[in-house]
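Spelled out from the first residue to the last, the chains are:
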Amino acid sequence: MPRELPAGDLPDWIALNFLPSLGPVRISRALEAGYSPGDLAYRVPPGKLSTLARYKSPKFSERVREVRKELRKTVHKEMKRCRELGIELLPVNHPNYPELLLQLPDPPVLLYLRGELPEDVLRVGLVGSRNGTRYGLSTAETLASDLARFGVETVSGGARGIDTAAHTGALAAGGKTVAVLGSGLGTFYPPENKHLFEEIAAGGGCLVSEFPLMMGPAPGHFPRRNRLISGLSAAVVVVEATRKSGSLITAGHALDQGRELLAVPGPLSSPTSTGCNLLLRSGARPALSAREILEELQPAWGHLLENGGGSGPSAEKGCSLEQLLAELPPDERKVLEYLDPVEPSLLDDMAEGIPMRIAPIQVALFGLTARGLVDQLPGRYYLRRPLKES
């Protein structure tokens, strides 16, 4: 966007956002020529608009003329419907427009917000495969829950799989979460997450979109959505990703935007962890717990670590092993009972000594590590942490 954003009333920005085939980059090029949002939306001839936006398409002029026929009526209906749904509209020149998004080379022309999106909050993006494994889903939920206990908001894309697990984990811990959608806020996608989206907005979190209210999902929308997930976050954690996962697009945006990039290590035999393991090989930091994620964000957010991560069973609580075991999920309880505070245990030996398959053992170990109950040592060894006396 131009450094000096042009003045423009909200209806003009809404109208500009409705013009076909003009995303933030092309609109920015047109605005740099000195035209107002209203000029571009209603008055600049389509051929001239195509030149300003540096966009060539044989059908562009025809599509612009067609949209303009009912554009004022469309804008009026859009504003009315947003008021009815409690959706806030923020054009890019609004004083409440998120500062982190203004730093992007291609901030959305218009944001649709349902819920609360305060500035003075640490947010961490959690992204991953739509076809998450049990390991990935449990890890996403655990990380989101533990981050929420530190007062951190999780940002994700509202999709099936890892995204849903991350939003659910944050809400389960009483935290807030932000869902950035690849469709308009008037059309819930995926439809089975409608209740989840309602819960996010009602719980003090936020639903975010740059697309008109009733615009459905489309393949080109999701890369645009991904840059906003990383844009709103101080760090992005890739929980599970195949070699060609869309989550790696989000990882690329995070690096381009100067955000911290972390990845969850996964089994070498799991295709859904290949992308994460490649990121780690390329220099991403390992995300082994919520605490370690926050340690990557010091000193700016170091004060959150002093809060101790809120509630939940942990080694910091000063209680007996019996009390801790009583609070843990069954799989974590079995693994913690097996581990010793002095002699490290090899993962392969644990698979033989605990009546569980290795994948659930790894999930349990991740949860125990996140709670600060277990230390992971080199060579796939694990050690139970000594408990603090109450």
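Note: the structure precedes this text.
Residues numbered from 1 in each chain as written. Predicted model: local features only at pLDDT ≥ 70, side-chain atom pairs only at ≥ 80, totals over all residues. Heavy atoms only, no water.

S.K.: Looking at this model, I keep getting lost on helix 13 (residues 274-281). Mind explaining?
M.R.: One turn of an α-helix holds 3.6 residues; hence residues three or four places apart share an orientation. Among all positions in helix 13, only G275, C276, N277 and L279 are buried. Buried positions along helix 13 lie against strand 7 (235-240), helix 12 (247-256) and strand 8 (260-263). (Buried < 20%, exposed > 50% of the residue type's maximum accessible area, 1.4 Å probe, protein only. Helix = DSSP H or I, 4+ residues; strand = E, 2+ residues; numbered from the N terminus. Contact = heavy atoms within 4.5 Å.)

S.K.: What is the right way to look at the sheet that holds strand 10 (residues 345-346) in this model?
M.R.: Paired through their backbone hydrogen bonds, the strands of a sheet run either parallel or antiparallel. Across the sheet, which stays open at both edges, the three strands sit in the order 10-12-11 with antiparallel pairing between neighbours. The open sheet has two edge strands with one neighbour each: strand 10 and strand 11 (374-377). With four bridges joining them, strand 11 and strand 12 (residues 381-384) adopt antiparallel strand pairing. Bridge pairing links V374 to R384 in strand 12. (Pairing = 2+ DSSP bridges.)

S.K.: Explanation requested: the side chain of T272 in the structure shown.
M.R.: Along the chain, the position of T272 falls in the loop between strand 8 and helix 13. By relative accessible area, T272 is classed as buried at 12%. Reaching out from T272, the side chain makes a polar contact with the side chain of E240 at a distance of 3.2 Å. At 2.8 Å, the side chain of T272 and the side chain of S270 are in polar contact. If near-sequence neighbours (up to four positions away) are discounted, T272 is found in contact with N131, T133, E240, A241 and T242. (Polar contact = N/O pair within 3.5 Å; in protein donor to acceptor, adjacent residues only side chain to side chain.)

S.K.: Is there a simple way to think about the packing of helix 8 (residues 134-149) against helix 9 (residues 162-172) in this case?
M.R.: The relative placement of two packed helices comes down to the angle between their axes together with the axis-to-axis distance. Following both chains from N to C, one finds helix 8 and helix 9 inclined at 35°, their axes separated by 7 Å at the closest point. Seen from above, helix 8 lies across helix 9 with right-handed handedness. Contacts between helix 8 and helix 9 involve G136, L137, A140, E141, A144, S145 and A148 on the former and, on the latter, I162, A165, A166, T168, G169 and A170. A per-class count over the contact of helix 8 with helix 9 returns eight nonpolar, four polar and one charged. (Axes fitted to C-alpha atoms, helices over the stretch in contact; angles between N-to-C directions. Left-handed = near helix turned anticlockwise from the far one by under 90°. Nonpolar A, V, L, I, M, F, W, Y, C, P; charged D, E, K, R; others polar.)

S.K.: Before we go on, may I ask you to explain the pairing of strand 12 in this structure?
M.R.: Looking along a regular strand, one sees the side chains alternate between the two faces of the sheet. Pairing of strand 10 with strand 12 involves two bridges; the strand directions are antiparallel. Its bridge partner being in strand 12, S345 is matched across the sheet by Y382.

S.K.: How should I be thinking about the pattern of salt bridges in this particular structure?
M.R.: Oppositely charged side chains can pair when the atoms bearing their charge come close. If you walk through the whole model with that rule in mind, you get 16 salt bridges. Linking K73 and E70 is a salt bridge whose minimum nitrogen-to-oxygen distance equals 3.4 Å. Judged by its relative accessible area of 49%, K73 is partly exposed. Assessed through its relative accessible area of 41%, E70 is described here as partly exposed. Of the charged contacts in the structure, one is a salt bridge between D106 and R227, with a shortest N-O distance of 3.1 Å. Of this pair, D106 sits in the loop between helix 7 (99-102) and strand 2 (110-115) while R227 sits in helix 11 (residues 221-231), and the two are 121 residues apart along the sequence. One network of salt bridges, in which partners are shared, links D106, E210, R224 and R227. (Salt bridge = Lys/Arg side-chain N within 4 Å of Asp/Glu carboxyl O.)

S.K.: How should I be thinking about empty space enclosed by the protein in this particular structure?
M.R.: Rolling a probe over the atoms, with the probe sized like a water molecule, indicates the empty space that remains. Under the defined criterion, the tally for this structure stands at one cavity of 30 Å³ or more. In this structure, the largest cavity spans a volume of roughly 40 Å³. Looking at the lining of the largest cavity residue by residue, the class counts come to six nonpolar, three polar and one charged. (1 Å grid on protein atoms, 1.4 Å probe; cavity = no way out; pocket = protein on both sides within 12 Å on 5 of 7 lines; lining within 4 Å. Points joined across faces, edges and corners; volume = space filled by probe spheres on them.)

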